[in-house]
Amino acid sequence: MRPNIVSEAGWQTRVGQWWEGIPFLTSSIVIVCGVIYLVCLLVGYDSFVEVCFLPSAVLSKFQAYRIYTSVIFHGSMLHVMFNMMALVPLGSELERIMGSVRLLYIIVLLATTNAILHLLIAAVVAYNPFYGYVYLMNECAIGFSGILFSMIVIETSLSGAQYRSVFGLFNVPAKWYAWILLIVFQLLMSNVSLLGHLCGILSGFAYIYGAFNIVIPATSFYSSIEGCSWLSACVRRPKFILCTGGNTSGYIPTYSTHNTTSGELLSGNIWRNLSSWMPQRQSSPAQTIEDGRFPGRGRTLGSSQENSSANYDSSLQTRLLDNNSPERGIAGTILEPQSESQSVVAVERTTQQYQASEEDVKSLTAMGFERVKSK
């Protein structure tokens, strides 16, 4: 007989479950960046100066393709692994909130704005009349980390957390989290683009403050794209997340604390409250609000138990009140008016039951049990 052995799942099962939990767009970006790096590694391609974001080449030769090729190419195995491992939690959370198509549009928008800010800052620093520093114009930036810094700013704003942990070592205020990460990476890692990460942070803050609202379409735009026939194969995928609405203007929601300053109140028409987007952990039965992102009436896991207990309490109170009425007997049954024949039958049944009980007592006494009267 084999003993009962409980074994943990193998690493293949764990990796498979972890991968299945990653939404469609986030996993697609991981695959694209990983495949591009492996192909470059196999064919021996290392001329990243041709695909990186080089401000001087973009301005002089109008090589706008560098804005997007610099995002999907990486310089080393550690570089691509670190960026993709950071993308998985950030991209998964944002994709579940926004939807796959909306997040793709946001990533393209962030890549474009990061490049524009990169060009402006590099040009100002290089060609200012006071002190020209041309190094930034010839800096070759590559990798997905610029967009990751934008996602960090957006996700921190959406979460509403007051503090964030830096690599599990210490906690910092959430509003300074991206800036502290920028400093930590510059101190710990060499050959890191300070301007690329800085532009990512600036783009993230500009996005959550509503500076890009004019170029963000409404929800119907994303829904029309999801309804296209050429995208039907992707939409049918289990991990594809539809943009079901919830934010009719298409603007990203922003988190606002209760301690709102006067400057925040003036710009309140632009900012959106996070509470309409983020799922609540607890819900009151009295507050039942329809959410466009989740059709139907949502509820927490314990709501059915709370409702059933509330119904039980109300019915119990009703029965207790009814029991106190004079029309009920000792056992809580209603004493309805009975005819004379029905009363006689009821008395005979009670007498028979009493006689049966007396016979049982006599038999038990004959067996040696003592007969004790209750007080």
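Residues numbered from 1 in each chain as written. Predicted model: local features only at pLDDT ≥ 70, side-chain atom pairs only at ≥ 80, totals over all residues. Heavy atoms only, no water.

1. Here we look at the nonpolar core
Note the following rule: Nonpolar cores were defined as sets of buried Ala, Val, Leu, Ile, Met, Phe, Trp, Tyr and Cys residues, with membership established by side-chain atoms within 4.5 Å. We call a residue buried when its accessible area falls under 20% of the maximum for its residue type, exposed when it is over 50%, and partly exposed in between, using a 1.4 Å probe and counting protein chains only. Going along the chain from the N terminus, every DSSP run of H or I of four or more residues is numbered as a helix, and every run of E of two or more is numbered as a strand. In this analysis, two residues are considered to be in contact whenever any of their non-hydrogen atoms come within 4.5 Å of each other.
Membership of the largest hydrophobic core comes to 49 residues, with the highest contact counts inside it found for Leu87, Ile107, Phe144, Ile147, Met151 and Ile154. Of all the secondary structure elements, the ones that give two or more residues to this core are helix H2 (24-43), helix H5 (77-98), helix H6 (100-127), helix H7 (145-159), helix H8 (177-188) and helix H9 (194-208). Once residues within four sequence positions are removed from consideration, Met151 is found in contact with Leu87, Leu90, Gly91, Leu94, Leu103 and Ile107.

2. Focus on the environment of Val124
Within the secondary structure, Val124 sits in helix H6. Using a relative accessible area of 55% as the deciding quantity, one classes Val124 as exposed. Through-space distance from the C-alpha of Val124 to that of Met137 is 9.9 Å; in sequence the pair is 13 residues apart.

3. Concerning the packing of aromatic side chains
What counts here: The aromatic pairing rule takes the rings of Phe, Tyr and Trp, using the six-membered ring of Trp, and pairs them if the centres are within 6.5 Å, calling planes under 30 degrees apart stacked, those over 60 edge-to-face and the rest tilted.
A complete count under the given rule lists 13 aromatic pairs for this structure. Ring centres of Trp18 and Trp19 lie 6.2 Å apart, and the angle between their planes is 50°; on these two criteria the pair is classed as tilted. Judged by relative accessible area, Trp19 falls into the partly exposed class, the value being 26%. Ring centres of Tyr133 and Tyr135 lie 6.0 Å apart, and the angle between their planes is 50°; on these two criteria the pair is classed as tilted. Through pairs of rings, three or more aromatic residues link up here, namely Phe82, Phe149, Phe167 and Phe185.

4. Digging into H5
Here is the rule: Each residue after the first adds 1.5 Å to the expected span of a helix. The quantity called bend is, for any residue, the angle between two axes fitted respectively to the seven residues ending at it and the seven beginning at it.
In a regular helix each residue adds 1.5 Å, so 22 residues correspond to 32 Å; H5 covers 30 Å between its end C-alpha atoms and thus fits that length. In H5, a bend of some 30° at Leu87 exceeds every other bend along the element, and Pro89, a proline, comes one to four places later. Taken as a whole, H5 has its buried residues at Val80, Asn83, Met84, Leu87, Val88, Leu90, Gly91, Ser92, Leu94, Glu95, Ile97 and Met98. On its buried face, H5 sits against helix H1 (11-20), H2, H6 and H7. In the stretch just after H5, Gly99 is the one whose phi turns positive, near 105°.

5. Regarding the pattern of salt bridges
Oppositely charged side chains are able to pair whenever their charged atoms sit close together. For clarity, the cut-off: What makes a salt bridge here is a side-chain nitrogen of Lys or Arg within 4 Å of a carboxyl oxygen of Asp or Glu, nothing more.
The full count for this structure, using the stated rule, is one salt bridge. Between Arg164 and Glu155 there is a salt bridge whose closest N-O contact spans 3.0 Å. Classification of Arg164 as buried rests on a relative accessible area of 17%.

6. Considering the pairing of strand E1 (residues 163-166)
Note the cut-off: Strands pair, by our definition, only if DSSP identifies at least two bridges between them.
The alternating pattern of E1 places Arg164 and Val166 on a buried face, while none of Tyr163 and Ser165, on the opposite face, is buried. In this structure, E1 lies alongside strand E2 (residues 170-173), joined through four bridges in antiparallel fashion. Its bridge partner being in E2, Ser165 is matched across the sheet by Asn171. Between E1 and E2, which follow one another and run antiparallel, lie three residues, and Phe167 among them has a positive phi close to 55°.

7. Notes on the packing of H7 against H9
Two measures define how a pair of helices packs: the angle their axes make with one another and the distance between the axes. Just so we agree on the cut-off: In this analysis an axis means a line fitted to C-alpha atoms, helices contributing only their contacting stretch, and an angle means the value between N-to-C directions, from 0 to 180 degrees. For any pair of crossing helices, the crossing counts as left-handed if the nearer helix is rotated counterclockwise from the farther one by less than a right angle, and right-handed if it is rotated clockwise. Under the scheme applied here, ten amino acids are nonpolar (Ala, Val, Leu, Ile, Met, Phe, Trp, Tyr, Cys and Pro), four are charged (Asp, Glu, Lys and Arg), and all others, including Gly, are polar.
For the pair H7 and H9, interaxial distance at closest approach is 7 Å and the crossing angle is 35°. Pair H7 / H9 crosses with right-handed handedness. Where H7 abuts H9, its residues Ser145, Gly146, Phe149, Ser150, Val153, Ile154 and Ser157 lie against Gly196, His197, Gly200, Ile201, Ser203, Gly204, Phe205, Tyr207 and Ile208. When its residues are assigned to classes, the contact of H7 with H9 shows seven nonpolar, nine polar and no charged.

8. Some details on the packing of H6 against helix H10 (residues 219-226)
Applicable threshold: Should an angle lie under 35 degrees it is considered roughly parallel, over 145 roughly antiparallel, and from 65 to 115 roughly perpendicular; all remaining angles are considered oblique.
In contact at an axis separation of 9 Å, H6 and H10 are set at 110° when each is read in the N-to-C sense. Here H6 is positioned roughly perpendicular relative to H10, judged by the angle of their axes. In this structure, H6 meets H10 at a crossing whose hand is right-handed. Facing Val101, Arg102 and Tyr105 of H6, the residues of H10 in contact are Thr219, Tyr222, Ile225 and Glu226.

9. Considerations on the side chain of His118
Among the structural elements, His118 can be located in helix H6. Take His118: its relative accessible area is 3%, and that puts it in the buried class. What His118 contacts, discounting residues up to four positions off in sequence, is Phe53, Pro55, Glu139, Ala141, Ser193, Leu195, Gly196 and Cys199.

10. A few points about the state of the cysteines
By definition, a disulfide links the sulfur atoms of two cysteine residues through a covalent bond. For clarity, the cut-off: To count as a disulfide, a pair of cysteine sulfur atoms needs to be within 2.5 Å.
Here the structure, examined in full by the defined rule, presents one disulfide. Between the sulfur atoms of Cys52 and its disulfide mate Cys140 the distance is 1.6 Å. The disulfide joining Cys52 to Cys140 has a torsion of about -120° about its S-S bond and is therefore left-handed. Here the residue Cys52 occupies a position in the loop between H2 and helix H3 (55-61), and Cys140 occupies one in the loop between H6 and H7, the gap between them amounting to 88 residues.

11. As for the UniProt feature "transmembrane region" (unreviewed entry) in the chain
To keep it simple, the criterion reads: UniProt positions are given in the numbering used here, feature names are shortened, and annotations may be inferred rather than shown by experiment.
Under the present numbering, the feature "transmembrane region" (unreviewed entry) in UniProt falls on residues 21-45, 65-91, 103-127, 133-154, 166-188 and 194-216. Summarising residues 166-188: 52% helix, 22% strand, and an end-to-end C-alpha distance of 13 Å. For residues 194-216, helix accounts for 65% and strand for 0%, while the C-alpha atoms at its two ends are 28 Å apart.

12. Remarks on unusual backbone geometry
Note: most peptide bonds trans; most residues except glycine with negative phi. The phi angle at Phe62 is positive, at roughly 55°, despite the residue not being glycine. Along the chain, Phe62 falls in the loop between H3 and helix H4 (66-72). Under the relative-accessibility criterion, Phe62 is labelled exposed at 69%.

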